[in-house]
Amino acid sequence: MWTLVVNCGSSSLKFALLNSATGETPLSGLAERLGSDLASVRVDRENERVTVPLPRGSYPEAFGVLLAELDALGLRRDVRAVGHRVVHGGDRFNTPVLITPEVVEVIRACIPLAPLHNPANLAGIEAARAAFPDLPQVAVFDTAFHQSMPPVAYRYAVPTPWYTQYGVRRYGFHGISHEYVAGEAARRLGRDPSGLNLVTAHLGNGCSVAAVRGGRSVDTSMGLTPLEGLVMGTRSGDVDPGLPDYLAREAGLSLPGITAALYRESGLLGLSGLTNDMRELEEAARQGNENARLAVDIFVYRLAKAIAGMATVLGTLDALVFTGGIGENSATVRAATLARLGLLGFRLDEEANGQAVRGQGGLITSGGVPALVVNTNEELMIARETAEVVASLVERGA
Ligand code: ADP
């Protein structure tokens, strides 16, 4: 079944046409800077990449380019559904769902929880509906996988009415990726997912770890917002909750200004003063830049603490999984992290670790608790889940 997977950001639209059974992807691309004079769509065909300028173009124009590409491939009529990545489903969605007017209303109601992402996701849904009026549209939520967390993991120790009236609790993100790599890890280990305790570490520009018991998330490091937890590219991760008040008084900064800095000027970028890019930091550290070295060290230190915390949640650990741009490519970060986790019994295989780069996943330990690199594929996960929702509709005769 051909599924179109759509992931809309505030001025971007990522798309991919996938066969949900085989993962074959004859078409994918990224529309960027939508709404501006510099808007463009990059189209990746099987053996070719082209960039189409789209001045002032927005989602509908980007979908126009996509439709023309599908026509050129002769595949427009073969697309069976559109699967949307939706960032925040609050506590209302623990599975992917067919998008109905009621579902749209719930996604809208979750906007205060994800003010940058959910409006973009809704705009994408609207444009996709206009472009593909006859196709089922499915929402796959980044928060859904973590809805299996128990209250002991998701509640904050704050006044209860904040939770009951305003939904102040931990939701967790990157669920699509954590779920995908947990399933893949089980497959590669030749084990039944229902009997496995895994810690999954998604390390990209955003970073989070999850504790996965029997294929279900039981804890994760991100919380109410994607700011909590690990050190990230430009996000601080955990800081003292007293920090905003202190800085507002001492530095005269506004609350929105502090929040913006915690999202965009902190993390690896804030610590190094150089870049949010791990590859560049590793290079700078090799050349003796102390700030770059400290940034990488703090990233690893906090990651190792978080992994150990997740292992404690699980009680026993069957494997640790690295994924995301850093997890899939940085042998340095993986080696340094495992070196800090001797307590858990990892034995790094240096050669295998060095080879696990650029899409080359696999086991990076020899003996002890296995650690492995699994390349994430959120698009494939969305395509599979979309296909499942559509198949269940067909079964029900809807
Ligand atoms: P996003 O979360 O935006 O999808 P990615 O998953 O692509 O981001 O991860 C981006 C991060 O991966 C960047 O910090 C980048 O430097 C890092 N990365 C990619 N390749 C390497 C590499 N070879 N070594 C170290 N870090 C890498």
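Cut-offs applied
- Residues numbered from 1 in each chain as written.
- Predicted model: local features only at pLDDT ≥ 70, side-chain atom pairs only at ≥ 80, totals over all residues.
- Heavy atoms only, no water.
- UniProt positions renumbered as here; feature names shortened; annotations may be inferred.
- Helix = DSSP H or I, 4+ residues; strand = E, 2+ residues; numbered from the N terminus.
- Rg over C-alpha atoms; globule rule 2.2 N^0.38 Å.
- Buried < 20%, exposed > 50% of the residue type's maximum accessible area, 1.4 Å probe, protein only.
- Contact = heavy atoms within 4.5 Å.
- Near = heavy atom within 4 Å.
- Polar contact = N/O pair within 3.5 Å; in protein donor to acceptor, adjacent residues only side chain to side chain.
- Areas by Shrake-Rupley, 256 points an atom, 1.4 Å probe, with all protein chains shown as cover.
- Nonpolar A, V, L, I, M, F, W, Y, C, P; charged D, E, K, R; others polar.
- Pairing = 2+ DSSP bridges.
- Axes fitted to C-alpha atoms, helices over the stretch in contact; angles between N-to-C directions.
- Parallel < 35°, antiparallel > 145°, perpendicular 65-115°, else oblique.
- Left-handed = near helix turned anticlockwise from the far one by under 90°.

- Taking an unreviewed UniProt entry as the reference, the protein is identified by name as Acetate kinase belonging to Deinococcus aluminii.
- According to UniProt, the comment filed for the protein under the heading Function (unreviewed entry) is "Catalyzes the formation of acetyl phosphate from acetate and ATP. Can also catalyze the reverse reaction."
- Checking UniProt for the protein, the heading Subunit (unreviewed entry) contains the comment "Homodimer."

**Regarding the overall build of the protein**
Inference 1: For the protein, the helix and strand inventory stands at 15 helices and 16 strands.
Inference 2: A compact globule built from 398 residues should have a C-alpha radius of gyration of about 21 Å, and the protein, at 21 Å, falls within 12% of that.
Inference 3: In terms of overall dimensions, the protein has C-alpha extents of about 55 × 55 × 45 Å along its principal axes.
Inference 4: Here the protein holds 398 residues, and 51% of them are scored as buried.
Inference 5: Residue pairs in contact within the protein that sit at least 24 positions apart in sequence constitute 62% of those at least 6 positions apart.

**Topic: the site of the ligand**
Inference 1: Taken together, 13 residues sit near the ligand, with Asn205, Asp277, Met278, Arg279 and Gly325 positioned nearest.
Inference 2: At 2.8 Å, a backbone N or O of Gly325 approaches an oxygen atom of the ligand.
Inference 3: Alone, the ligand offers 570 Å² of accessible surface; in the complex the protein occludes 69% of this.
Inference 4: It is helix α12 (residues 324-329) that contributes the most residues to the shell around the ligand, four residues altogether.
Inference 5: Its residues assigned to classes, the shell around the ligand comprises two nonpolar, eight polar and three charged.

**Things to note about the UniProt feature "binding site: substrate" (unreviewed entry) in the protein**
Inference 1: Taking the numbering used here, the UniProt-annotated feature "binding site: substrate" (unreviewed entry) corresponds to Arg85.
Inference 2: Within the fold, Arg85 resides in strand β6 (residues 79-86).
Inference 3: Of the residues examined, Arg85 reaches a relative accessible area of 16% and is grouped as buried.
Inference 4: Not counting chain neighbours up to four residues away, the residues in contact with Arg85 comprise Val6, Asn7, Asn121, Val140, Asp142, Ile176, Glu378 and Ile382.

**Section: the sheet that holds strand β16 (residues 371-373)**
Inference 1: The strand order across the open sheet built from six strands is β11-β10-β9-β12-β16-β14, with neighbouring strands paired in mixed fashion. If you trace the sheet from one side to the other, it starts and ends with β11 (216-220) and β14 (362-363), each paired once.
Inference 2: Looking at chain direction, strand β10 (residues 207-213) and β11 are connected through four bridges and run antiparallel. Paired with Val212 across the bridge in β11 is Ser217.
Inference 3: Its contacts with the sheet put helix α6 (residues 175-189) on β9 (197-203), β10, β11, β12 (319-323), β14 and β16, and the angle it makes with β9 is roughly 130°.
Inference 4: Each of β12 and β16 is contacted by helix α13 (residues 331-339), which is oriented at about 155° to β12, the strand it contacts most.

**Things to note about the packing of helix α1 (residues 59-73) against helix α3 (residues 118-131)**
Inference 1: Contact geometry for α1 and α3: axes closest at 9 Å, N-to-C directions at 45°. Relative to α3, the element α1 is oriented oblique. Here the hand of the crossing between α1 and α3 comes out right-handed. Contacts between α1 and α3 involve Tyr59, Pro60, Phe63 and Leu67 from the first element and Ala120, Ala123, Gly124, Ala127, Ala128 and Ala131 from the second.

**Examining the UniProt feature "binding site: Mg(2+)" (unreviewed entry) in the protein**
Inference 1: Per the UniProt entry, the sites bearing "binding site: Mg(2+)" (unreviewed entry) are Asn7 and Glu378 in this numbering. These annotated residues cover 372 residues of sequence, and their C-alpha atoms lie no more than 10.0 Å from one another, placing them together at a single site.
Inference 2: Tracing the backbone shows Asn7 in strand β1 (residues 2-8).
Inference 3: Leave out the neighbours within four places in its chain, and Asn7 touches Ser12, Leu13, Lys14 and Arg85.
Inference 4: Relative to the helices and strands, Glu378 is located in helix α15 (residues 378-395).

**Some remarks on the packing of helix α11 (residues 290-314) against α13**
Inference 1: For the pair α11 and α13, the least separation of the axes is 9 Å and the interaxial angle reads 55°. By the angle between their directions, the pair α11 and α13 is classed as oblique. As α11 packs across α13, the resulting crossing turns out to be right-handed. Seen from α11, the contacting residues are Phe299, Val300, Leu303, Ala304 and Ile307; seen from α13, they are Val333, Ala336 and Thr337.
Inference 2: A per-class count over the contact of α11 with α13 returns seven nonpolar, one polar and no charged.

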